[in-house]
Amino acid sequence: MVALSQLCSRALWIEDGKIKRVGPAKEIVGAYAGESCLPSSHKITQGDGRVKFISSRVSNDGKGGENLVTNGDIYITVKFYVNETIQNPACGISLSNHYGVSLTSINTVELDKVMPVFKKGEMELTVKLEKVPYLPGSYKADFWVMSPQGHIYAYIENAATFTIAQTQLYGHQQIDNRWGCVYTKVSFMPGAGKD
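Quantities reported herein were computed from a predicted structural model and do not represent experimental measurements. Position numbers for residues start from 1 in each chain and track the written sequence from start to end. Where local features are concerned, this predicted model is filtered to residues with pLDDT of at least 70; where side-chain atom pairs are given and counted, the filter is 80 or more; whole-chain, interface and lining totals use all residues. Where side-chain values are given, they derive from all heavy atoms of the structure, hydrogens and water being excluded.

J.: Help me understand the pairing of strand 2 (residues 18-24), please; the structure alone is not making it clear to me.
T.: On a regular strand, one side chain projects to one face of the sheet and the next to the other, so that they alternate. In terms of strand pairing, strand 1 (residues 10-15) meets strand 2 through 6 bridges, oriented antiparallel. Paired with W13 across the two strands is R21, which belongs to strand 2. We treat two strands as partners when DSSP finds at least two bridges between them. Secondary structure elements follow DSSP: runs of H or I no shorter than four residues count as helices, runs of E no shorter than two count as strands, and numbering proceeds from the N terminus. The hairpin formed by strand 1 and strand 2 contains 2 residues between the paired strands, and D16 there has a positive phi angle of roughly 55°.

J.: Teacher, can you tell me more about the pattern of salt bridges here?
T.: A side chain of one charge can pair with a side chain of the opposite charge if their charged atoms are brought near each other. Here a salt bridge means any side-chain nitrogen of Lys or Arg lying within 4 Å of a carboxyl oxygen belonging to Asp or Glu. In the structure shown here, the tally under the stated rule is 5 salt bridges. Residue D48 pairs with R50 through a salt bridge whose shortest N-O separation is 3.2 Å. A 1.4 Å probe rolled over the protein chains alone gives each residue an accessible area, and that area as a share of the maximum for its type sets the label: buried under 20%, exposed over 50%, partly exposed in between. Classification of R50 by relative accessible area gives partly exposed; the value is 26%. In this structure, R57 engages E124 in a salt bridge whose closest nitrogen and oxygen atoms are separated by 3.3 Å. Within this pair, whereas R57 is found in strand 4 (residues 51-59), its partner E124 is found in strand 8 (residues 121-132), the two being separated by 67 residues in sequence. R57 gets classed as partly exposed once you look at its relative accessible area, which sits at 37%.

J.: Just checking my understanding: could you explain the nonpolar core for this structure?
T.: To form a nonpolar core, buried Ala, Val, Leu, Ile, Met, Phe, Trp, Tyr and Cys residues must be joined to one another through side-chain atoms within 4.5 Å. Among the nonpolar cores identified, the biggest contains 35 residues, and I76, F80, F118, L125, F143, V145 and F162 are the most heavily contacted of them. The set of elements that each furnish at least two residues to this core consists of strand 4, strand 5 (72-82), strand 6 (90-97), strand 7 (102-107), strand 8, strand 9 (137-146) and strand 10 (152-164). Note on contacts: a residue pair qualifies if any of its non-hydrogen atoms lie within 4.5 Å across the two residues. Setting aside residues up to four positions removed in sequence, F118 forms contacts with F80, V82, T85, I86, P89, C91, M123, L125 and V145.

J.: Explain the packing of aromatic side chains to me, please; I cannot follow it from the model alone.
T.: The geometry of an aromatic ring pair comes down to the distance between the two centres and the angle between the two planes. Two aromatic rings from Phe, Tyr or Trp, using only the six-membered ring of Trp, form a pair when their centres are within 6.5 Å; if the ring planes differ by under 30 degrees the pair is stacked, by over 60 it is edge-to-face, and anything between is tilted. Across all of its chains, the model carries 5 aromatic pairs by this definition. A centroid spacing of 5.0 Å and a plane angle of 25° characterise the contact between Y134 and Y139, whose relative ring orientation is stacked. Here the two residues Y134 and Y139 agree in accessibility, since each one is buried. When the ring of W144 is compared with that of Y155, the centres are 5.3 Å apart and the planes differ by 15°; the resulting orientation is stacked. Placement of the pair is W144 in strand 9 and Y155 in strand 10, with a sequence separation of 11 residues. Clustering of aromatic rings is evident, with ring pairs tying together F80, F118 and F143.

J.: Help me understand a nonpolar patch on the surface, please; the structure alone is not making it clear to me.
T.: On the surface, L12, I14, I19 and V22 cluster together into a nonpolar patch covering about 390 Å² of accessible area. When residues of the nonpolar patch are traced back to their parent elements, those giving at least two are strand 1 and strand 2. Patches here are clusters of residues that have more than 30% relative accessible area and form no salt bridge, with a 9 Å joining cutoff for like charges and a 5 Å cutoff for nonpolar side chains (Val, Leu, Ile, Met, Phe, Trp, Tyr). In this description, accessible areas are obtained by the Shrake-Rupley approach with a 1.4 Å probe, and a residue is regarded as covered only by the protein chains that are shown.

J.: Sorry if this is basic, but what is going on with unusual backbone geometry here?
T.: Excluding glycine, a negative phi dihedral is what most residues carry, and trans is how most peptide bonds are arranged. Even without glycine at this site, D16 takes up a positive phi of about 55°. Looking at the secondary structure, you find D16 in the loop between strand 1 and strand 2. Its relative accessible area of 74% is what places D16 among the exposed residues.

J.: Can you walk me through the environment of G30 in this structure?
T.: Following the sequence through the fold, G30 ends up in helix 2 (residues 25-36). Along the sequence, G30 and T163 sit 133 residues apart, while their C-alpha atoms lie 9.7 Å from each other.

J.: I would appreciate a short explanation of the pairing of strand 10 in the present structure.
T.: Buried residues dominate strand 10, accounting for 10 of its 13 residues. Both strand 9 and strand 10 contribute to a ladder of 9 bridges, which runs antiparallel. Note that in strand 10 the partner of A141 across the bridge is A160.

J.: Looking at this model, I keep getting lost on the environment of A90. Mind explaining?
T.: Position of A90 relative to the elements: it lies in strand 6. Exposure remark for A90: the relative accessible area of 1% places this residue in the buried category. Between the C-alpha atoms of A90 and V109, which are 19 residues apart in sequence, the distance is 6.5 Å. Excluding its chain neighbours within four sequence positions, the residues that come into contact with A90 are T108, V109, M115, W144, V145, M146, S147 and P148.

Just distances and angles here, no functional claims.
What follows is the structure, given as structure tokens:
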């Protein structure tokens, strides 16, 4: 997506064999990236139904900032509904690039993070990725809620998608994201939900 917006002046978005949108490449890429983040693109592939995914948002500050850059912080906030109180919840996140290369996969059990009880009702959980070394390009995050023993309450594919902006990392040279896996510090921060 980043390459398309930089190399092309115009773009054509085709969906289900029909032209959906035509226009300036940056505008079309932005619209496509925004729409791919809508709940309809999310897919719950596993789970017992105790948790229902509602929405997600990605920012650079936890409040809505959108300029995601290499070596910056990324906040992924996931909103979901808990149908039945979960006494000992655990959560996980897996990130991959647009080539399908897994970059980070971690959960609260592996981090020795004890989560508070998830009470019945709506709640948010923010995952902070610190000083993300991901290079410019498109990325996706899968998210799950589970028990510490590995029972899955909900596994959401494409819970969030985001783009790291093209940037000058080494002098005046711009680079892309064709290189391997990286370590990223991750922390999970549950927030107060609504009943």
